[in-house]
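Below, each chain spelled out in residue letters.
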Amino acid sequence: ITAGAQLRGMDIRLQKTKTVQIRGRVLGSGAVTQEVMIRLQPKSDTLVNFMAQNMARPFNDKGDFVIGNVAPGSYTLTAMMSEDGKTISARAQVDVGGSPIQGITLQLAPGAGISGSVKIEGTQTDAKTPNLRVYLQPKSMMMFGPGAQGGLVKEDNSFSLTNVQPDVYDIRVMGIPDGGYVRSIRFGEEDVTELALDLTNGVTGGEMSVVIAMAAGQITGSVQNDKLDPATSGVVVLVPEGKRREIDRFYQMTSTDQYGNYTLKNVAPGEYRLFAFDTVEFGSYQDPEWLKPFESKGERIPVKENDKQTMQLKLVVTQGQDQPASR
């Protein structure tokens with residue numbers, strides 16, 4: 001909604017839905033206390049408003065819990081607590097139909113450790129990267145519990161991640177030297193460069209190997225509005241094509257300067273669409289439904305290693321457009 005505007009006719013129609021209860025027990029190495037947080041989360045990438053009935057704590061020292069008013073659907077049930085300064089957790093997949101669910105057991109256990117190494121190609125062997133870190137960012141939008149798991153890369157190029165909980169993760173590498181990009185990531189024998197890291201069944205893949213190539217692409221240019229004036233407050237977004245749209249690492253966003261110019265650095269080779277929006281909420285361009293009305297207004301741009309490309313863009317107006325809410 002723009003300043004001073006009024007929106008009318010936004011009716012919300014409620015539909016009656018049969019709901020059920022979920023009953024279970026949380027088990028730990030010792031006594032389970034009410035410090036345990038239990039969360040029932042829909043298996044959907046849409047950000048929903050988690051109400052009180054989607055959260056619970058054990059109501060006795062046996063770890064028994066109940067979650068009521070659960071609508072039919074597929075859910076992830078997670079229990080988590082802190083023990084001796086470390087997070088222990090458990091999770092289960094739950095499909096809810098028309099009947100109550102009983103007898104679910106969640107066995108709390110500590111997270112696992114992952115060790116790995118980083119190799120930098122195409123630069124001097126004595127290049128210093130003191131701030132290089134490897135992160136695991138959970139793709140699930142949990143409203144409690146630990147955030148990203150990160151490990152500092154040491155002088156011998158090794159790193160370690162501790163207390164990694166079962167989940168699905170985006171792999172992020174922070175502090176990459178200017179001009180570099182992540183060329184490949186392997187976890188054990190699996191190439192996960194363009195995949196999320198699925199650890200829902202625990203850590204079973206071995207070591208992680210990250211290769212950074214000092215051969216990234218760069219895109220510069222300018223943005224004009226519909227009057228052909230420089231767009232001095234535009235937001236330039238680089239959106240990957242294909243399955244890379246599921247991986248946060250391949251997106252980039254920057255703002256234009258006072259002359260309408262922009263620069264995108266450290267771009268991994270691949271196929272992209274380039275957009276210049278008048279305004280955009282951070283991350284909303286990763287929602288296919290939000291982006292769909294603007295797809296045709298993006299400029300296709302292939303990027304190769306060591307590319308230096310220039311792209312002039314027209315400002316895409318999003319304010320006042322009829323578009324779905326971002327996730």
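Relevant structure appears above.
In what follows, the accompanying structure is described. Please read these numbers as outputs of a predicted model, since none were measured by experiment.

Our focus in this paragraph is the pattern of salt bridges. Overall, the coordinates contain 13 salt bridges when judged by the stated rule. Ionic pairing is found between Glu-241 and Arg-245, a salt bridge with its closest N-O pair at 3.0 Å. What emerges from the salt-bridge pattern is a single network uniting Glu-241, Arg-245, Arg-273, Glu-295 and Arg-300.

General note: in soluble globular proteins, nonpolar side chains tend to be found buried as a group. Ranked by internal contacts, the top residues of the largest apolar core, which has 23 residues, are Val-26, Ile-38 and Leu-77. In contact with Ile-38, other than residues within four places in its own chain, are Val-26, Asn-54, Met-55, Ala-56, Arg-57, Pro-58, Phe-65, Ile-67, Leu-77, Thr-78 and Ala-79.

Attention now goes to a nonpolar patch on the surface. A cluster of nonpolar side chains, contributed by Ile-1, Leu-7 and Met-10, occupies part of the molecular surface with about 400 Å² of accessible area. As for its position among the elements, Ile-1 is in the segment before β1 (20-27). A relative accessible area of 77% places Ile-1 in the exposed class.

The next subject is the sheet that holds strand β3 (residues 55-56). Picture the strands of a sheet paired through backbone hydrogen bonds; they go either parallel or antiparallel. The antiparallel open sheet is built from 5 strands, whose spatial order is β3-β2-β5-β6-β8. Here the strands that pair on one side only, and so sit at the sheet edges, are β3 and β8 (109-110). Where strand β2 (residues 37-42) meets strand β5 (residues 73-83), 6 bridges bridge the pair, whose relative direction is antiparallel. Its bridge partner being in β5, Ile-38 is matched across the sheet by Ala-79.

Below, the discussion takes up the sheet that holds strand β20 (residues 252-255). The sheet built from 4 strands is open, its strands ordered β20-β19-β22-β23 with antiparallel pairing. Lying at the two open borders of the sheet, with one neighbouring strand each, are β20 and β23 (299-303). Going across the sheet, the axis of each strand differs from the next one's by a mean of 25 degrees, ignoring polarity. Sheet topology places strand β22 (residues 270-277) next to β23; 5 bridges connect them, and they run antiparallel. Within the sheet, the bridge partner assigned to Gly-270 lies in β23 and is Val-303.

About the cut-offs
- Residues numbered from 1 in each chain as written.
- Predicted model: local features only at pLDDT ≥ 70, side-chain atom pairs only at ≥ 80, totals over all residues.
- Heavy atoms only, no water.
- Salt bridge = Lys/Arg side-chain N within 4 Å of Asp/Glu carboxyl O.
- Core = buried A, V, L, I, M, F, W, Y, C linked by side-chain atoms within 4.5 Å.
- Buried < 20%, exposed > 50% of the residue type's maximum accessible area, 1.4 Å probe, protein only.
- Contact = heavy atoms within 4.5 Å.
- Patch = residues over 30% accessible without salt bridge, like charges linked within 9 Å, V, L, I, M, F, W, Y side chains within 5 Å.
- Areas by Shrake-Rupley, 256 points an atom, 1.4 Å probe, with all protein chains shown as cover.
- Helix = DSSP H or I, 4+ residues; strand = E, 2+ residues; numbered from the N terminus.
- Pairing = 2+ DSSP bridges.
- Axes fitted to C-alpha atoms, helices over the stretch in contact; angles between N-to-C directions.

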